[in-house]
Structure formats: structure tokens, C-alpha cells
Amino acid sequence: MLTPKQHELLCFIHNSLEESGVSPSFEEMKDALGLKSKSGVHRLISALEERGFLRRLPNRARALEVTKLPEGGNLKPAASNVINIAPEQAPSAPLKEIPVAANNDVIEIPLHGKIAAGVPIEALEGQSALSVPAALLGSGEHYALEVSGDSMIEAGILDGDYALIQRTETARNGEIVVALVHDEEATLKYLFKDNGQVRLDPANPAYEPQIFGAGEVRIQGKMAGLLRRYN
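Note that the structure is a prediction, hence the values are computed from the model and not measured.

What counts and what doesn't
Residues numbered from 1 in each chain as written. Predicted model: local features only at pLDDT ≥ 70, side-chain atom pairs only at ≥ 80, totals over all residues. Heavy atoms only, no water. Helix = DSSP H or I, 4+ residues; strand = E, 2+ residues; numbered from the N terminus. Buried < 20%, exposed > 50% of the residue type's maximum accessible area, 1.4 Å probe, protein only. Contact = heavy atoms within 4.5 Å. Areas by Shrake-Rupley, 256 points an atom, 1.4 Å probe, with all protein chains shown as cover. Core = buried A, V, L, I, M, F, W, Y, C linked by side-chain atoms within 4.5 Å. Expected span 1.5 Å × (residues − 1). Arc of directions from axis to C-beta.

### Points about the overall build of the protein chain
Item 1. Per the secondary structure count, the protein chain includes 3 helices and 12 strands.
Item 2. Per-residue burial for the protein chain yields a buried fraction of 47% across its 231 residues.
Item 3. Contacts in the protein chain between residues at least 24 apart in sequence constitute 59% of all its contacts with a sequence separation of at least 6.
Item 4. Total accessible area computed for the protein chain in this model is approximately 11700 Å², and 49% of it derives from carbon and sulfur atoms.

Next comes the structure, spelled out in C-alpha cells:
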């Protein structure tokens, strides 16, 4: 499941290529997504690569290949599935459009209080429930957390949103996870593990990454979707 910003970037690249035959620049992607810096675009592209939606072409500078489309996406078939961020253009190959999910059922999942997208705060166990379209969730057990803070805004996760979390104790680098720090504070961040350390990255240049020893952080779930209410 992609975050809204990841899906928006994939749509923008794909549809720009369809309309003009040229991939947008990092500057154009930054402006289209309303990001403050190109580093946010780099993080989104890395996350899409981690999830298997993009692949870097080894013998072509700054070129990416779209390897699959998101389920339920509204992407239109493009003339090519090769995304060039450099001026040169790759050989074309048609993409197949994936049908929109037909599951309109609504299910209830536990709502376990608030989680920080900023300085870690406690994720509270509560008795509330949140009604969620089943199409937003994949397999496995899920729960919801209300987001507090702005450190994940460049991933499209805003204060007051509801993060839909798949319960798991493992995650890959680049995935957005619920990380329990020192068994007492939980936070929502990008996960990166390297050389026995765990780095929790924000998606807001105003915040610094947090680095911990491997034994100081436990994964309690990974991001599966997002709900936003408009008042």
C-alpha cells in the first residue's frame, strides 16, 4: 500500500510521460507535490523502489523503470514504462492498467490513540474503533492511530490524519513504521537499519533523523494506508 504522496508521485511521473514523452525533472516533481526540497522527492523515489514500483536502470544515468502500478490506481496507460529523469528517452513498452478495486465494504479496526509524527509520544491502547473501507487494507491484522505532529508532511501524512497500520514486527528499509523506542514511546517514521543501528527518518527537513541501537527499537507495525477527515 502506497502513501498518498508516493501514489501522487507515481501518477505524476507516469501521466507526464504519457502526455509529453519526457519525464519531469526533480524540480517539477517537487513543485507538483508541494514539497519544500528535492530531498523529499529522492525519499519518495527510494520508497517506491523499495516497494517494487520503480527500478533503477543500471546502465542509464538517472533513469527509472516503472515495474508495476498500484492496485486501485487511476493511472492511464503510458506510452512507455521507462522513466527518464535525464533528457534521453528510453525504449517504450506498454503498461497494462490495473482495474480499480471493487470492494466497497467498510470494516471497523481498533483505534489506539495518538502517535507522534515528530517527537515520540505514547501510543495509547483504547477501546475506540474506526470505520475503514476494506479496499484500503491488505491481508493481516490492522489497527489505526491518530497522527500528532508534522514530521511526516512530505510523505503526505498530516496532523490529525489516521494512520492505518498492519501489525508486524518486521519491516524493510524505507518503509514507514510504528517504532516503539525504549519500550515506552512510539513514533511514525521511515525505517532504515544499518551496521547494528536503527535510523528513524522524518519526512520534514525541520526534523533530524533519530538513531538508536538495534535493541532500543521494536517494530509494532507498518503503514498500510491513510484516512483524512475534512470538517
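Still more to cover.
### Focus: the nonpolar core
Item 1. Within the largest apolar cluster, 34 residues are counted, with the highest numbers of intra-cluster contacts made by Ile157 and Leu188.
Item 2. With 5 residues, helix H3 (residues 38–50) is the largest single contributor of residues to this core.
Item 3. Ignoring sequence-local partners within four residues, the contact set of Leu188 consists of Ile115, Ala116, Ala117, Val147, Met152, Ile157, Ala163, Ile165, Ile176, Val177, Val178 and Met223.
Item 4. The next biggest cluster of nonpolar side chains, apart from the first, holds 10 residues, and it includes Val177, Ala179, Val198 and Leu200.

### A few points about H3
Item 1. Taking 1.5 Å per residue as the helical rise, H3 with its 13 residues ought to reach 18 Å, and the 19 Å between its terminal C-alpha atoms agrees with that figure.
Item 2. For H3, the full list of buried residues reads Gly40, Val41, Leu44, Ile45, Ala47 and Leu48. For H3, the arc enclosing every buried residue in end-on projection is 160 degrees, short of the 170-degree limit, so these residues lie on one face.

### Comments concerning helix H2 (residues 26–33)
Item 1. Of the residues making up H2, those classed as buried are Phe26, Met29, Lys30 and Leu33. All buried residues of H2 lie within an arc of 100 degrees about the axis, which places them on one face of the element.
Item 2. Two residues or fewer after H2 comes Gly34, characterised by a positive phi angle close to 70 degrees.

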